[in-house]
Amino acid sequence: MRREGRQGVGTPHSTGEAGEPTWRDPVEGRGRRITELLVGKMTDIPRFEDISTRQRKIAELARQAPELGITSLNHHIDLDWMREAYRRTRKDGAVGVDEQTAEEYAEHLDDNLQSLLDRAKTGRYRAPSVRRVHIPKGEGKTRPIGIPTFEDKILQRAVVMVLEPIYEQDFLDCSYGFRPGRSAHQALKASRDELMAMGGGWVIELDIQAFFDALDKRQLREFVGHRVRDGVVLRLIGKWLNAGVLEDGAVTYPETGTPQGGVISPLLANIYLHGVLDAWFERDVKPRLKGKAFLVRYADDAVFGFACEEDARRVLDVLPKRFGKYGLSLHPEKTRLIDYRRPPRGQGRSGVGSFDFLGFTHHWARSRKGNWVIKQKTAKDRLSRAAQRIGEWCREHRHEKVADQHAALAVKLRGHYGYYGITGNSQMLSRFLTQVIRRWYYWLNRRSQRGKWNWERFRRMLAFRPLPPAIPVHSTYRLVANP
């Protein structure tokens, strides 16, 4: 069986499910697409405008009937739809349990897609087991990731293309994770802007324990069934939820959860948390609060902001009961209430709270004009984790040519800057660059007893082959979510 390839720290050459390069969090792998879709290997490429027109019709139908379930969807999924789903599917991902690569699948693409379509429509499709691997998460912990087969990814993408236009009419503005036209940087900007407008306040940092493993499948089916009543689509979702998990040579069938890493998993997670958290907070909780409040959620990461301490404590008390009702639990230590009020004039930052969200620490600091503003910097654990991965890479590749090592490290640095390179984070970017240089120098000196490097020789090499400078590449202050 093929092994999962190692992923460098923050490479911009990594791709999203549509096969396009993606800037993302180099540690957690989260981010947004930034370039046009690339065309896969196929003979008759469908016109994207045709697929887009059909998606707009689905969206309009969902918008006109916000309380009704849509019964007829699978007729949209035809061979052209499957070709577009193939085009949007990542081609360089790890292989699933069948070890079939994208290149092998493309050798008889139309025949394979037609067979897949027929099996999906007639109910003969059997969702294959998901291969599970574990990636480092920090503090000695790992994150389980499920890897479907390439064919399963195509079919999941085809279903996502049908469901997304429906749920984009239902999802609220507080949700930013894995949605078209939305990104982690926009979630960061929203949380900062809301807190600045309130002059700070009280923040609840939310941490759901093992969300993808604990998600209640029955409750998820109920949430999906409120809006989707197409038998073919519901049957496929049920098969994916009940698919086995292959780990250490054994297949298990968990009673709860959905494998994190599947193409459809982010959408299902958003549907679940929309019902559990977003809609509940916006429609049931906020009208009962005394002061202003907001929620910003990116996938299973979320922060609440409150102008009134009493409101914050009331919500914090009821959150465990709300999540427990749906089979979820909150981390007792990481879910916490933070006094995040703006420091008084003439007072230093001592004793002022801070919180972490999406890999950034949000803290109060002085602007150039001397005013208190909220700044965002790379969280210490993310910085140390990324630096550690760079060190491991340098150790494993220390015998390669210096020019090749330089080229790879430059790519990793640009990937890091692509996510963490926001206005106000220059100091942490420089710190990361320094860590990269030190680790590279250390492992170059560990190659052999011959050809030792001293700092002077190393500096001359860096002058000839400079690494990308630690300069922010974009500003979150100018980001605006697409309507």
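Residues numbered from 1 in each chain as written. Predicted model: local features only at pLDDT ≥ 70, side-chain atom pairs only at ≥ 80, totals over all residues. Heavy atoms only, no water.

### Some remarks on the overall build of the protein chain
- Within the protein chain, the secondary structure is distributed over 15 helices and 13 strands.
- Taking all 483 residues of the protein chain together, the buried fraction comes to 53%.
- Carbon and sulfur atoms form 48% of the exposed surface of the protein chain, whose accessible area is close to 23,000 Å². (Helix = DSSP H or I, 4+ residues; strand = E, 2+ residues; numbered from the N terminus. Buried < 20%, exposed > 50% of the residue type's maximum accessible area, 1.4 Å probe, protein only. Areas by Shrake-Rupley, 256 points an atom, 1.4 Å probe, with all protein chains shown as cover.)

### Some points on the sheet that holds strand E8 (residues 293–298)
- If you trace the four strands from one edge of the open sheet to the other, you get E8-E9-E5-E10, paired in antiparallel fashion. Sheet topology places E8 and strand E10 (336–341) at the edges, where each strand pairs with a single neighbour. Each strand of the sheet is rotated relative to its neighbour by a mean of 20 degrees, with strand direction disregarded.
- Pairing analysis gives six bridges linking strand E5 (residues 200–207) to E10, with the strands arranged antiparallel. (Pairing = 2+ DSSP bridges. Axes fitted to C-alpha atoms, helices over the stretch in contact; angles between N-to-C directions.)

### Some details on unusual backbone geometry
- Backbone geometry places glutamate 99, a non-glycine residue, at a positive phi of 60 degrees.
- Tracing the sequence through the fold places glutamate 99 in the loop between helix H2 (79–88) and helix H3 (102–106).
- Backbone geometry at alanine 299 places phi at a positive 55 degrees, although glycine is not the residue there.
- Residue position: alanine 299 is located in the loop between E8 and strand E9 (301–306).
- With relative accessibility at 8%, the residue alanine 299 sits in the buried group.

### Remarks on the packing of helix H12 (residues 380–396) against helix H13 (residues 402–420)
- At a closest axis distance of 12 Å, the pairing of H12 and H13 adopts a crossing angle of 165 degrees. Taken as axis vectors, H12 and H13 run roughly antiparallel relative to one another. The handedness of the crossing between H12 and H13 is right-handed. Contacts between H12 and H13 involve Arg382, Ala386, Ile390, Trp393 and Cys394 from the former and Gln405, Ala408, Leu409, Lys412, His416 and Tyr420 from the latter. (Parallel < 35°, antiparallel > 145°, perpendicular 65-115°, else oblique. Left-handed = near helix turned anticlockwise from the far one by under 90°. Contact = heavy atoms within 4.5 Å.)

### Describing the nonpolar core
- Phe306, Leu319 and Phe323 are the most contacted members of the largest nonpolar core, which has 77 residues in total.
- Discounting residues that sit within four places of it in the chain, phenylalanine 306 has contacts with Met198, Gly201, Trp202, Ile204, Phe281, Leu289, Lys292, Ala293, Asp311, Ala312 and Val315.
- Counting residues in each nonpolar core, the second largest holds 50 residues, with Ala190, Val303, Ala386 and Phe458 among its members. (Core = buried A, V, L, I, M, F, W, Y, C linked by side-chain atoms within 4.5 Å.)

### Observations regarding helix H6 (residues 184–198)
- Taking 1.5 Å per residue as the helical rise, H6 with its 15 residues ought to reach 21 Å, and the 22 Å between its terminal C-alpha atoms agrees with that figure.
- Burial analysis of H6 places eleven of its 15 residues in the buried class, which makes it a mostly covered element.
- Taken as a whole, H6 has its buried residues at Ala184, His185, Gln186, Ala187, Leu188, Lys189, Ala190, Ser191, Arg192, Leu195 and Met198.
- Phi turns positive one or two residues past the end of H6, at glycine 199, with a value near 70 degrees. (Expected span 1.5 Å × (residues − 1).)

### Side note on the pairing of strand E13 (residues 372–378)
- For E13, the buried fraction is high: five of the seven residues fall into the buried class.
- The antiparallel pairing of strand E12 (residues 360–366) with E13 creates a hairpin that spans five residues between the two strands, and glycine 370 there sits at a positive phi of about 90 degrees.

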